[in-house]
Amino acid sequence: MPEIQENNHQPAAGQFSNQWQTQSPSPNHTDEQADAAKRLELALEGGSLGFWDWNVATGMVDYSERWCAMVGYRQDELAPDFSTWKKLVHPEDLPKAVAAIENYFAGKTEQYAIEFRMQHKQGNWLWIASRGRVFAVDAEGNPQRAVGTHQDITDRKLTELALAQEKDQFQSAMEYSAIGMALVSLKGEWLMVNPAICRIVGYSMEELLATDFQSITHPDDLQSDLGYIEKVLAGEIPNYEMEKRYFHKDGRIIWVLLSVSLARNPDGSPRHFISQIQDITERKNAEIRANIYLQELERSNQELDDFAYIASHDLKEPLRAINNHSQSLLRSYEAELDEAGNRKLNRLVFLTRRMEVLIDDLLQFSRLGRLDTSTEDIDLKELLTNEVATVCNSEEHPEIKVSLCDEWPSVRGNRASIAIIFRNLIGNAIKYNDSAEKRIEIGLLPEMQRSGQTLRNVYYIRDNGIGIDPDFHELIFGMFKRLNNEKAYGPGTGAGLAFVKRIIDQLKGVIFVQSQTGEGATFYFTLGSEQ
């Protein structure tokens, strides 16, 4: 293999004996070649190609003005010899570039064509496509003169490198993605699949690539899938997502979340589908179990409702009989009975009536939140005005003074449930109040701090009543919990605050009280979504 040198290069004899006519050129022929080379240079310059003319024997090279400008130099800044080219070629590319020349001169390749990097005067690297051919040989077939071109292909190479990088990134994403990814033909064949989808469906890559998605799709889901595909191909939708079932290789059914988009060719025609597949079998099975539990719960609740109704009816029947007989005895034998007898019969009548009330309260408590779940937009100011008028008529009870804040929002909820909250709290503020002038303040705080938490839209009802000992602030919200006797504060079962808390709990809200004995009480609460 001859060594390429800058000067006095002597190629091996006969290197071009099979490629070139081995005869010494005449002086006239040499002039014609020079003229042809010059014309070629001018033509190439007009096409933005750099031209080089290499005297192989001497190592001298004529670099055209465009060739020099391509790498940022003027012609007078570059030495017209072979070493100039070698100095500018990237060190990593120089061995293969020189080898390309040697192989061409040795007749191992039919043409000299190679791409390599050259350093611009400013220090950056350009990609160059170099093409050339031997233009003259000596009598022994040794190359004497070679000419060729340089073309700046930096933009093209950068694009190619970027595309190659994107391809590597895409392949890495496919290979290491935690979810299934696939390219699918317009007919449904798997074109490319990643390891994740193989794990999901249990098939190897080779097995999947030999079939189509239709073959492993549950028949009940296939038409929906194909329907979406038709819409995507028709341009009606850009992509789609659906839950569907596949048949695993072992025969079991698996649920997946399928996301599909369409890749198009540069002319806009459909190319293939891009699919992402997530295994949601565990979630779907949990949903199925939850639905079964929910159905069982609904059935159980209905049975409880039926039982509560029957139980209350069956319990109240004998109570009514006892009550009726007790009253009949009072009417018939009141004169014959002494004071103790009459007192005991009256007590019996009172207890039977109280028992009926307790049964009704228990039945209502069990049904809270399950009888009417409808919601609507509620004007709280209107609702409160009506509730205050119902609970404390100012004409009948002039000693009761109720004040409402001016601004009230509209909330969305169940009107009857929210009315129960305010009705019970306002009623208690009146009932448990010994003051000559009973003052009740109903308002709304934009926010409030409690136990390190910021509560928003906090409603409150404040009174100047008897107050509540802090030891009982939690106890009062229990069912049938009453702190005061009926003789002092009238009849009641102690179910009212339990009703209120049950409703607020169902709304995901909170309720609490701030109070001291003899200093009145303030009940604060939120209505869930506003919190």
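The structure displayed is predicted, hence computed values, not measured ones.

1. What to know about the packing of helix H13 (residues 415-431) against helix H15 (residues 496-506)
In a pair of packed helices, the angle between the axes and the distance between the axes together describe the arrangement.
(1) Moving on: Remark: H13 packs on H15, axes separated minimally by 9 Å, with the N-to-C direction vectors making an angle of 145°. Regarding H13 and H15, the two cross each other, and that crossing is left-handed. Residues Ser417, Ile420, Ile421, Asn424, Leu425 and Asn428 of H13 lie in contact with H15, whose contacting residues are Gly496, Leu497, Phe499, Val500, Ile503 and Ile504.
(2) Moving on: Classifying every residue of the contact of H13 with H15 by side-chain character gives eight nonpolar, four polar and no charged.

2. Here we look at the sheet that holds strand S5 (residues 143-152)
(1) Moving on: The strand order across the open sheet formed by five strands is S2-S1-S5-S4-S3, and the pairing between neighbours is antiparallel. Of all strands in the sheet, those bounded by a partner on one side alone are strand S2 (61-63) and strand S3 (112-119). Ignoring which end each strand starts from, the neighbouring axes of this sheet average 25° apart.
(2) Moving on: One ladder, built from eight bridges, connects S3 with strand S4 (residues 125-137); its direction is antiparallel. Counterpart to arginine 117 in the pairing with S4 is tryptophan 127.
(3) Moving on: Lying over the sheet, helix H4 (residues 94-105) contacts strand S1 (50-55), S3, S4 and S5, oriented at roughly 155° with respect to S3.

3. Details of the layout of surface pockets
(1) Moving on: As a volume, the second largest pocket reaches approximately 330 Å³.
(2) Moving on: Lining the second largest pocket we find Leu163, Glu166, Lys167, Phe170, Gln171, Leu183, Leu191, Met192, Ala263, Arg271, His272 and Ile274.
(3) Moving on: Secondary-structure elements contributing two or more residues to the lining of the second largest pocket are helix H5 (154-176), strand S7 (190-193) and strand S10 (270-279).
(4) Moving on: Broken down by element, the lining of the second largest pocket gets its largest block of residues, five residues, from H5.
(5) Moving on: Across the lining of the second largest pocket, the residue classes break down as seven nonpolar, two polar and three charged.

Scoring rules and cut-offs
Residues numbered from 1 in each chain as written. Predicted model: local features only at pLDDT ≥ 70, side-chain atom pairs only at ≥ 80, totals over all residues. Heavy atoms only, no water. Axes fitted to C-alpha atoms, helices over the stretch in contact; angles between N-to-C directions. Helix = DSSP H or I, 4+ residues; strand = E, 2+ residues; numbered from the N terminus. Left-handed = near helix turned anticlockwise from the far one by under 90°. Contact = heavy atoms within 4.5 Å. Nonpolar A, V, L, I, M, F, W, Y, C, P; charged D, E, K, R; others polar. Pairing = 2+ DSSP bridges. 1 Å grid on protein atoms, 1.4 Å probe; cavity = no way out; pocket = protein on both sides within 12 Å on 5 of 7 lines; lining within 4 Å. Points joined across faces, edges and corners; volume = space filled by probe spheres on them.

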